[in-house]
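A closer look at the structure
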Amino acid sequence: MDSQAIATQPGVHDAHAEHEHAPHLRHHFESVEQQREASSFGMWLFLLTEIMFFGGLFTAYLIYRNWYYPAFVVGSHQLSIFLGTLNTAVLICSSFTMAMGVHASELRKRKELVGWLVATFVLGCVFLGIKAVEYHEKWEKHHVPGLNFSVQDFTHPTDAEEKPLPMDMAQKTQVYFSLYFAMTGMHALHMIIGVSILLILIVQAWGGMYTQGHMTTIENFGLYWHFVDIVWIFLFPLLYLISRHQ
Amino acid sequence: MSTATIVKLPPQETARLPKRSYLNNEYGLKSWLLTGDHKRIAILYLISITFFFFIGGAMAGLIRLELLTPQSDLMATDTYNKVFSMHGIIMVFLFLVPSVPATIGNFLIPIMVGAKDLAFPKINLLSWYLYIFAGIFTLAALILGGVDTGWTFTTPLSTHYLNTHVITAGLGIFIAGFSSIFTGLNFIVTIHRMRAPGMTWFRLPLFVWSHYAASILMVLGTPVLAITLVLVILERAIGIGVFDPVKGGDPLLFQHLFWFYSHPAVYIMILPGMGVISEVISTFSRKRVFGYTAVAFSSVAIAVFGFFVWAHHMFIMGVSNYSALVFSLLTMLVAVPSAIKIFNWAATLYKGSITFETPMLYAFGFMGLFTIGGLTGVFLGSLGMDIHLTETYFIVAHFHFVMVGGMLMAYLSGIHFWWPKMTGRMYPEALSKLAALTTFIGFNLTFFPQFILGYLGMPRRYAAYPPEFQVLNVLSTAGATVLGVGYLLPMIYMTWSLKYGKIAGSNPWQATGLEWQIQSPPLTENFVETPIVDHEAYDYEWLASQTEHEVQTVG
């Protein structure tokens, strides 16, 4: 009947010949090509679910920022723009080293690949370290909603340039900090998962697993890493840079 | 009713189960718990969801017993709250969401598209383990003392005012969500990338189309539920204030985020069931499904529209009148693709050679009950009616008609239909017809009175009610008893049939799907060699020409 449909699928029998030669080909795939396409498609879909996951938080942010803009401004001014910028730079660098890692894997250079992955790992840890310093600072300043919070800084600001907020708006800074911790916390959790997987990848790459033509895992992890990076690229201006010109 | 049947079994004296199949290529517990075979994982799921179905069912039994009398006498009112909450949580997240996709879908999707397995067998196994962990958390919440938020976890009730195990149950649902995300992801990739040569999109069985649509909902909707639960847990555990009015948060936002998942979740539950019905109706009326393309696209349309109707759960919760108007209109819109399906199934039956096998009886049950459930949904979607009917037993009856009358009927239809393929043996015919009938009668007796109760104004979620409602409540409880028997019967005779059922042979129903062209139970690798598909779905002439010069290959 419809022979077109069959012709669009490249020969099944060629694929079988490949079977014997590719050790990484899992039994249920017809060809290496199909396996690669399937896993990278799966990874993109997973990232889509991640977008929806963070999407819920961004929606909440959008609504509350519109309602409680003054609280968001003063809350944002409590963050250290220096540490935020530094962390942004660290993450962008780590995305670069990750991309170089994927490149090294394509070129089948084992030592280079391990080097780039270690660099990515170190940068990831630096990011988390700086984040921990920032969290600690929030704790010291009583800016952790629920556990340790005081509106003192917003009703009676120490900085003479900041205008004091009326009590009810000052209370709303808790929403800002709730979102700050929820969003950066979820991001940090993704970073922790990321560096943990990186550790495994480094050991495997050292053993030469990803420099013999099979590099889908490295590529997919690269996608994940860049995704987490991009989330931060959105978080940084939304949380740190609200109305900084005032 | 005609006694004609299409069942064609091999002569029982000589028939043997295939020597080699997915069931016997390896033995031992380890070969099951570490398996990558989609068919074995489907069986694991089947066992575990049956377990949770009966726990949830026992809760339903307790609810109905309590409601036998107007006073709260069987249990204290807060125990009643816990019982209906656990009933909802277990039935929605641990039974209905995974029911058809994780069992029948897991078993069949790879075979129907002509593949050896799902794209990611390990992730498939992981999804089962996540499901089990979710089950353990939920059971822990139950044993430690229960949850009484209702299955909706409404804030600030769940975050501030209750002293029960909200966090444990919430974590359970969070994990169950990832199990469902991984199943959906696996299906989408498999359907896109693993189709056999010649298996074009429009040659796919409608079962695959409806699973594709449900998978889109799982992948896009579930993460939103996950983050919402994280926020509820954080709010309860450490007191952040995203939903807390005292700190400036808005409980209505919780409702929006929760229903953004939980309304599409209704379609996650019902769409796979609709896929089952398409297969069954076509097989037992010996006709190609009428309007194949319309039915296929109506699944996708339900998935797309399903994302834009969530606020109809919130008409009485203070959303603006304008948005309520828009959501009401969109809700009417989603009735259209559902109606397209019902009409097309009816048109498939028209002038078909209908036989009344058990799966078909369940399918008829589905068509009638789902239509009632769907139409009463339109009542609830219209603004004025909703104010009167929402939070009454009308809404309870409505979603039980869709979920139990629709989805559970479809699930049982599918389990009976593919049982010979999964196990190689037939279930007892007479007894199963009796069970189908019992379920139908019991169901109507249980839930139809609830429409009337709701219309008269009996509110849901209370252990006590005014005495004038007692007659209808007694009817409902009596029906629940019949319904319980209807569910226990298949459980018993299906188990019996594993050893004593007649040998089914590869294609007892003379159906056209790829799964019926291979041995029952199938080989671990499904196909001896990759099939090349050169015919449309539901092509009974192709099947007839196929059987004329048939060569039986048994592994």
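Residues numbered from 1 in each chain as written. Chains lettered and ligands numbered in written order. Predicted model: local features only at pLDDT ≥ 70, side-chain atom pairs only at ≥ 80, totals over all residues.

1. Section: the overall build of chain A
Our working rule: Working definition: helices are DSSP H or I runs of at least four residues, strands are E runs of at least two. Numbering for both runs from the N terminus. Here the globule rule reads 2.2 Å times residues to the power 0.38, and the radius of gyration is calculated from C-alpha atoms. Three exposure classes are used. Buried residues have 20 or more other C-beta atoms within 10 Å of their own C-beta, exposed residues have 12 or fewer, and partly exposed residues fall in between, all C-beta atoms being placed from the backbone. By definition, residue pairs are in contact when their C-beta atoms, positioned from the backbone, come within 7 Å.
Summing up its helical and strand segments, chain A has nine helices and two strands in all. For 246 residues, the compact-globule estimate of 2.2 N^0.38 gives 18 Å, and chain A exceeds it by more than 25% at 24 Å. Here the C-alpha coordinates of chain A stretch approximately 75 × 50 × 30 Å along the principal axes. When each of the 246 residues of chain A is scored for burial, the buried share is 36%. Counted over contacts in chain A with a minimum sequence separation of 6, partners at least 24 positions apart contribute 75%.

2. Considering the overall build of chain B
Assigned secondary structure in chain B consists of 17 helices and zero strands. A compact globule built from 555 residues should have a C-alpha radius of gyration of about 24 Å, and chain B, at 23 Å, falls within 12% of that. Across its three principal directions, the C-alpha atoms of chain B cover 75 × 45 × 45 Å. Within chain B, the fraction of its 555 residues that count as buried is 56%. Relative to all contacts within chain B whose residues are 6 or more apart in sequence, the contacts with residues 24 or more apart total 85%.

3. Some points on the interface of chain A and chain B
Put simply, the rule reads: Each residue gets one label: Ala, Val, Leu, Ile, Met, Phe, Trp, Tyr, Cys and Pro are nonpolar, Asp, Glu, Lys and Arg are charged, and the others, such as Gly, are polar.
Contacts between the two partners involve 36 residues from chain A, matched on the other side by 39 residues from chain B. Put simply, the parts of the chain that give the side of chain A that touches chain B at least two residues each are helix H1 (3-7), helix H3 (32-67) and helix H8 (167-206) of chain A. Element by element, the count of residues in the side of chain A that touches chain B is highest for H3 of chain A, at 16 residues. Class assignment for the residues of the side of chain A that touches chain B results in 21 nonpolar, twelve polar and three charged.

4. Notes on helix H15 (residues 429-456) of chain B
Operational definition: Expected helix span is given by 1.5 Å per residue-to-residue step, counting one fewer step than there are residues.
Over its 28 residues, H15 of chain B extends 41 Å from the first C-alpha to the last, a length consistent with the 40 Å expected when each residue adds 1.5 Å. One or two steps after H15 of chain B, the chain reaches Gly457 of chain B, where phi turns positive at roughly 105°.

5. Notes on the environment of Met59 of chain B
With respect to the helices and strands, the residue Met59 of chain B is situated in helix H2 (residues 38-66). Sequence-distant contacts of Met59 of chain B, that is, excluding residues within four places in its chain, are made with Val83, Met86, His87 and Ile90 of chain B.

6. A short note on the nonpolar core
For clarity, the threshold we go by: Here a nonpolar core is just a set of buried residues of the types Ala, Val, Leu, Ile, Met, Phe, Trp, Tyr and Cys, joined wherever their C-beta atoms sit within 7 Å.
Formed by 224 residues in total, the largest nonpolar core has its most connected members in Leu179 and Ala182 of chain A together with Val113 of chain B. In terms of residue count, the dominant contributor to this core is helix H8 (residues 206-237) of chain B (21 residues).

7. Quick notes on unusual backbone geometry
Residue and element names in this part refer to chain B. Between Thr155 and Pro156 the backbone carries a cis peptide bond, its omega angle lying at -5°. Structurally, Pro156 can be placed in the loop between helix H5 (121-144) and helix H6 (157-161). Cis geometry marks the peptide bond from Ser520 to Pro521, where omega comes out at -15°. Among the secondary structure elements, Pro521 is positioned in the loop between helix H16 (470-500) and helix H17 (540-548). With a phi close to 55°, Phe153 is a non-glycine residue in the positive phi region. If you trace the backbone, Phe153 turns up in the loop between H5 and H6. The backbone phi angle of Arg286 is positive, close to 50°, even though this residue is not glycine. Mapping Arg286 onto the fold places it in the loop between helix H9 (251-285) and helix H10 (292-306).

8. Focus on the confidence of the model for chain A
The line we're drawing: A score from 0 to 100, pLDDT tells how confident the predictor is in each residue.
Summing up the model confidence of chain A, the mean pLDDT is 88 and the portion of residues at 70 or higher is 91%. A low-confidence stretch, residues 1-19 of chain A (pLDDT under 50), is modelled with 18 contacts involving residues beyond four sequence positions or located in other chains.

9. Some remarks on helix H4 (residues 99-113) of chain B
Residue and element names in this part refer to chain B. Here H4 contains 15 residues, and its C-alpha end-to-end distance of 20 Å stays within 8% of the 21 Å for a straight helix at 1.5 Å per residue. Among the 15 residues of H4, 15 are classified as buried, and the element is accordingly described as predominantly covered. Gly114 sits one or two positions beyond H4 and adopts a positive phi of about 85°.

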